[in-house]
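In case you want the letters, here they are:
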Amino acid sequence: MANSKFEYVKHFEQPDTLLPNTWIVVRIDGRGFTKFANKYSFAKPNDRRALDVMNAAAKAVVTELPDITIAYGVSDEYSFVFHKSSTLFERRASKLVSTIVSTFTAYYIYSWPTYFPDSPLAPPLPSFDGRAVCYPSLQNLRDYMSWRQVDCHINNLYNTTFWALIQLGGMDGKEAEKELAGTFAADKNEILFKRFNINYNNEPEIYKKGSVIFRDYELVEPDSHHVAEDVEDLAQPAQQSKTQMENDKKKRAKARITVEHLDIIKDDFWNRRPWLLS
Ligand code: ATP
Ligand code: ATP
Ligand code: MG
Ligand code: MG
Ligand code: MG
Ligand code: MG
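Residues numbered from 1 in each chain as written. Chains lettered and ligands numbered in written order. Predicted model: local features only at pLDDT ≥ 70, side-chain atom pairs only at ≥ 80, totals over all residues. Heavy atoms only, no water.

**A closer look at the pattern of salt bridges**
Logical step 1: Summed over the entire model, instances satisfying the criterion amount to 13 salt bridges.
Logical step 2: Between Asp267 and Arg142 there is a salt bridge; the shortest N-O distance is 2.9 Å. Of this pair, Asp267 sits in helix H10 (residues 267-271) while Arg142 is found in helix H4 (residues 138-167), placing the two residues 125 residues apart along the sequence.
Logical step 3: Its relative accessible area of 46% is what places Asp267 among the partly exposed residues. (Salt bridge = Lys/Arg side-chain N within 4 Å of Asp/Glu carboxyl O. Helix = DSSP H or I, 4+ residues; strand = E, 2+ residues; numbered from the N terminus. Buried < 20%, exposed > 50% of the residue type's maximum accessible area, 1.4 Å probe, protein only.)

In structure tokens:
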């Protein structure tokens, strides 16, 4: 194949290298999941099994791509954050996005029967789109994560109230929509509590907060000095020697990957896991 007269066509490929030293976020989203959710009778407003499939697929993606620092998922979407120092695929957008999307989709379909043993998938099969965005500062990245989690909260409060009005209040969709038009969060909390005796605070964390996936090097306890050393190692990528980098790579590969449902808007989550953004 080398040096054939056809080889010039290679030059039609356009470079799509992402800006160096920026946090790369690849967000994927299910295609037509409103329809897909109906087809497989997802529970409304939240089908726990469907979230479990999403989380299983995302966890597999994070496992296979150690350059991913953290991932956040809600509904039919997942955001994967590559460390700003990552040079995976020379930071080529199309390679990063397409690898994430296909790895995620493959594991989504592979994991499906575990959570939906009685509803085998049939064509059209679930698929996902994806995009990559660079965030130049930590503040931008934190704000991105906050944006997704606020979205989760707003949608979940709305959906929980909307479906309570229908499932427990006997309304139809139109009536429920009208009832909620122009209401604030406090109004929805009050509708849930006064009419249906539902305290929104007691709803499952996975619905209220979404899911966060990250590498947990033994939890940082204030009195655990050897963990503090590990974190220090990871905190200085710029001056790292090759051996140090190899060691960190091994540590990342070995680290336990956890799925949690925590607040990622407040500083606390990040302060307690300094290795995530260092
Ligand atoms: P598009 O292809 O433009 O993304 P979409 O139908 O997937 O269209 P989204 O805005 O992505 O639109 O919305 C996702 C849909 O999937 C919502 O309707 C949501 O209710 C449904 N959905 C996703 N996950 C769940 C779940 N765990 N339980 C119930 N419904 C879900
Ligand atoms: P990359 O991730 O960079 O694409 P790669 O290992 O996939 O790495 P390719 O240049 O894409 O490298 O080469 C595809 C490889 O898969 C080759 O080694 C090829 O021999 C092997 N392969 C693909 N299809 C077949 C097939 N049908 N039979 C035997 N080998 C195959
Ligand atoms: Mg979409
Ligand atoms: Mg969608
Ligand atoms: Mg969506
Ligand atoms: Mg290949």
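Past the structure itself, the notes keep going.
**A word on the pairing of strand E1 (residues 23-30)**
Logical step 1: With 7 of 8 residues buried, E1 lies mostly within the body of the structure.
Logical step 2: Here E1 pairs with strand E4 (residues 128-135) via 8 bridges, running antiparallel. Residue pairing in the sheet places Trp23 in a bridge with Tyr135 of E4.
Logical step 3: Pairing analysis gives 6 bridges linking E1 to strand E3 (residues 77-82), with the strands arranged antiparallel. Residue pairing in the sheet places Arg27 in a bridge with Ser79 of E3. (Pairing = 2+ DSSP bridges.)

**So, the side chain of Ser79**
Logical step 1: With respect to the helices and strands, the residue Ser79 is situated in strand E3.
Logical step 2: The class for Ser79 is buried, based on a relative accessible area of 0%.
Logical step 3: Polar contacts involving the side chain of Ser79 include one to the side chain of Tyr144, which spans 2.6 Å.
Logical step 4: Once residues lying within four places of it in the same chain are set aside, the contact partners of Ser79 are Val25, Val26, Arg27, Ile70, Ala71, Tyr72, Tyr144 and Arg148. (Polar contact = N/O pair within 3.5 Å; in protein donor to acceptor, adjacent residues only side chain to side chain. Contact = heavy atoms within 4.5 Å.)

**Side note on the coordination of the magnesium ion (ligand 4)**
Logical step 1: Donor atoms from the polypeptide that coordinate the magnesium ion (ligand 4) comprise Asp29 (OD), Gly30 (O) and Asp76 (OD), at 2.1 to 2.2 Å from the metal.
Logical step 2: Coordination at the magnesium ion (ligand 4) is octahedral: its 6 donor atoms span angles of 79 to 179° at the metal.
Logical step 3: Site description for the magnesium ion (ligand 4): donor spacing in sequence, D-G-x45-D.
Logical step 4: Owing to a relative accessible area of 24%, Asp29 belongs among the partly exposed residues under this scheme.
Logical step 5: Taking the relative accessible area as the measure of exposure, Gly30 reaches 6% and is therefore buried. (Donors = N, O, S within 2.8 Å, 3.2 Å for Na, K, Ca; no water. Tetrahedral: all angles 85-135°; square planar, octahedral: opposite > 155°, others 65-115°.)

**Concerning the environment of Ile28**
Logical step 1: Mapped onto the secondary structure, Ile28 falls in strand E1.
Logical step 2: When its relative accessible area of 0% is taken as the criterion, Ile28 is described as buried.
Logical step 3: As for Ile28 and Phe80, which are separated by 52 residues in sequence, their C-alpha atoms are 8.4 Å apart.
Logical step 4: Setting aside residues up to four positions removed in sequence, Ile28 forms contacts with Asp76, Glu77, Tyr78, Phe80, Ile100, Val101, Phe104, Phe128, Asp129 and Gly130.

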